[in-house]
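Reading the structure
Listed below, chain by chain, are the residues.
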Amino acid sequence: MACKRGALIVLEGVDKAGKTTQCKKLVQALQQSGRPAEMMRFPDRTTTIGQLISAYLEKKSELEDHTVHLLFSANRWEMVPSMKKKLEQGITLVVDRYAFSGAAFTSAKPGFCLDWCKKPDVGLPKPDLVMFLQLSPSEAALRGQFGEERYETSVFQRAVQHKFELLMKDPSVNWQVIDASQNIEGVHDNIMDHSLNAINTAQNQLLGEL
Ligand code: DGP
């Protein structure tokens, strides 16, 4: 019998919500329970395209806004062959940000509509589960100062949060909102429950497309 496919699980949220910490904990917990799992993150700054994006985020270079949007999307597309291969091998992928960050961050800029922003990612593998780590801007501020990178201001993050709220209205995506104001273990327990459900369901379903 062919092996059961892995699940594509995405964590989204505004900065300081704890996505990276929770992705790592989830991968570790899945592996310890005998379920093959790997972490990925977007942007993946290790590729040639990723290095262009990284320099832009670090404000070492300037790029036109549409251009950088397409580069972020291209950075996801270039990983699709390896993502599909791993999922087929039964590996669950836990992804720190995906196409939803793409649409939310660019559409938070003046002059961009959400529909245009979603287009370049149409056809990407569709996540079996997208968990949105919900944290109010005031609670995020208590977790420390933003860094020096582009987009790391509370005004912009509030605009991004609003765009995520619009994206979460899409019933074709399995969105789950997680209260990220709980302690790390509490958040992890919630995330683990949703992930185990998604892994079980994905085994009997074909991988979809955005
Ligand atoms: P991180 O490495 O997770 O801190 O993400 C880097 C920054 O890039 C963060 O502010 C979110 C933003 N970002 C992630 N994906 C996209 C995207 O596809 N488009 C745009 N415009 N920004 C993105």
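Residues numbered from 1 in each chain as written. Predicted model: local features only at pLDDT ≥ 70, side-chain atom pairs only at ≥ 80, totals over all residues. Heavy atoms only, no water.

The name given to the chain in an unreviewed UniProt entry is Thymidylate kinase, with the source organism recorded as Acanthochromis polyacanthus. If you open the UniProt record of the chain and go to Function (unreviewed entry), you find "Catalyzes the phosphorylation of thymidine monophosphate (dTMP) to thymidine diphosphate (dTDP), the immediate precursor for the DNA building block dTTP, with ATP as the preferred phosphoryl donor in the presence of Mg(2+)." (UniProt positions renumbered as here; feature names shortened; annotations may be inferred.)

A few words on the sheet that holds strand β3 (residues 92–96). Within the open sheet, the five strands sit side by side as β2-β3-β1-β4-β5. Their pairing is parallel. Unpaired on one side and paired on the other, β2 (37–41) and β5 (175–179) mark the two borders of the sheet. Ignoring which end each strand starts from, the neighbouring axes of this sheet average 25° apart. As paired elements, strand β4 (residues 129–134) and β5 share five bridges and run parallel to each other. From the neighbouring strand, V130 faces β5, where its bridge partner is W175. Its contacts with the sheet place helix α9 (residues 184–202) against β1 (8–13), β3, β4 and β5, and it is angled at close to 165° to β4. (Pairing = 2+ DSSP bridges. Helix = DSSP H or I, 4+ residues; strand = E, 2+ residues; numbered from the N terminus. Axes fitted to C-alpha atoms, helices over the stretch in contact; angles between N-to-C directions. Contact = heavy atoms within 4.5 Å.)

Quick look at the environment of Q157 now. Here Q157 shows up in helix α8 (residues 154–167). Spatially, the C-alpha atoms of Q157 and A104 are 9.8 Å apart, while their sequence positions differ by 53 residues. Discounting chain neighbours no more than four positions away, the residues touching Q157 are V14, D15, F105, F146, Y151 and E152.

For the rest of this paragraph, the subject is the side chain of E152. Along the chain, E152 turns up in the loop between α7 (137–142) and α8. The buried charged residue E152 lacks any salt bridge partner; its closest oppositely charged side chain belongs to R45, at an N-O distance of 6.8 Å. In terms of polar contacts, E152 uses its side chain to reach the backbone amide nitrogen of E149, at 3.2 Å. Contacts of E152, omitting those with residues within four sequence positions, involve D15, F146, G147 and Q157. (Buried < 20%, exposed > 50% of the residue type's maximum accessible area, 1.4 Å probe, protein only. Lys, Arg positive; Asp, Glu negative; His and termini not counted. Salt bridge = Lys/Arg side-chain N within 4 Å of Asp/Glu carboxyl O. Polar contact = N/O pair within 3.5 Å; in protein donor to acceptor, adjacent residues only side chain to side chain.)

Residues in contact with the ligand, as listed here, are R41, P43, R45, L57, F72, R76, R97, S101, G102, F105, T106 and Y151. A distance of 2.9 Å separates an oxygen atom of the ligand from a polar side-chain atom of R76. Residue G102 places a main-chain N or O atom 3.5 Å away from an oxygen atom belonging to the ligand. Bound to the protein, the ligand loses 93% of the 500 Å² it would expose on its own. At the level of secondary structure, the elements contributing two or more residues to the shell around the ligand comprise α3 (65–77) and α5 (99–107). Among the elements that make up the shell around the ligand, the one with the highest residue count is α5 (four residues). Partitioned by chemical class, the residues of the shell around the ligand number five nonpolar, three polar and four charged. (Near = heavy atom within 4 Å. Areas by Shrake-Rupley, 256 points an atom, 1.4 Å probe, with all protein chains shown as cover. Nonpolar A, V, L, I, M, F, W, Y, C, P; charged D, E, K, R; others polar.)

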